[in-house]
Amino acid sequence: MRILISNSPTHALSRRHGFFLACVALTFAFILLVFSPAQTFAAGRLAEFLPKAQPSELFEGADRFGEIQGDPPVVPVYRGSDLAGYVYLNSDFTSSVGYSGKPIHILVGIDAAGVIRGFKLVAHSEPIVLIGIPEAKVVAALNSLVGRDLGRVASGAERPPQV
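This text gives an overview of the structure that appears in the document. (Residues numbered from 1 in each chain as written. Predicted model: local features only at pLDDT ≥ 70, side-chain atom pairs only at ≥ 80, totals over all residues. Heavy atoms only, no water.)

Observations concerning the overall build of the protein chain
Applied cut-off: Each helix corresponds to a stretch of at least 4 residues labelled H or I by DSSP, and each strand to a stretch of at least 2 residues labelled E; elements are numbered beginning at the N terminus. Relative accessible area decides the class of each residue, using a 1.4 Å probe on protein chains only: under 20% of the type maximum gives buried, over 50% gives exposed, and in between gives partly exposed.
Of regular secondary structure, the protein chain possesses 8 helices and 5 strands. Ordered by position from the N terminus, the helices and strands of the protein chain form the series α-α-α-α-β-β-β-α-β-β-α-α-α. Within the protein chain, buried positions represent 27% of all 163 residues.

See the structure below:
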């Protein structure tokens, strides 16, 4: 086996040129990652799905949404001038991919104490729901969580609800 080592100026220039090109490529990739439209889009889709719900569907007696805020985004919900709680899109906070490999999008209403106040299934592509289990059963399972204190679940005082 023979190993060739070159100390020629041409070889050194070629190595520097390769290093420079690698640095340029990494810098370009970083800029694309940070400033790409996909990154902006991934920041949250709450604004896209919020028009599919009325405030009263997520909080009893609620009459309006406030301005979307934060990243991941949430939106305050009001009863008159009183803050009732917040709404978020589940898929903005966690992976929510179903059997189809596509996301399931659910608007969730939660009050300041961590109690779920309402759900709205706003989009899915689940074939089992489309051809087997009626969507009403899925919604009923979600609604069985209304009134549950997720603060107790998060602290470990209560097991996560099973649906």
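Points about the pattern of salt bridges
Selection rule: Counted as salt bridges are all cases of a side-chain nitrogen of Lys or Arg within 4 Å of a carboxyl oxygen of Asp or Glu.
One pass over the full model with this rule turns up 5 salt bridges. In this structure, Arg 45 engages Glu 48 in a salt bridge whose closest nitrogen and oxygen atoms are separated by 2.8 Å. Note that Glu 158 and Arg 148 form a salt bridge whose closest N and O atoms lie 2.6 Å from each other. Of this pair, Glu 158 sits in the segment after helix H8 (150-155) while Arg 148 sits in the loop between helix H7 (135-143) and H8, and the two are 10 residues apart along the sequence. What you see here is one network of salt bridges that share partners, running through Arg 148, Arg 152 and Glu 158.

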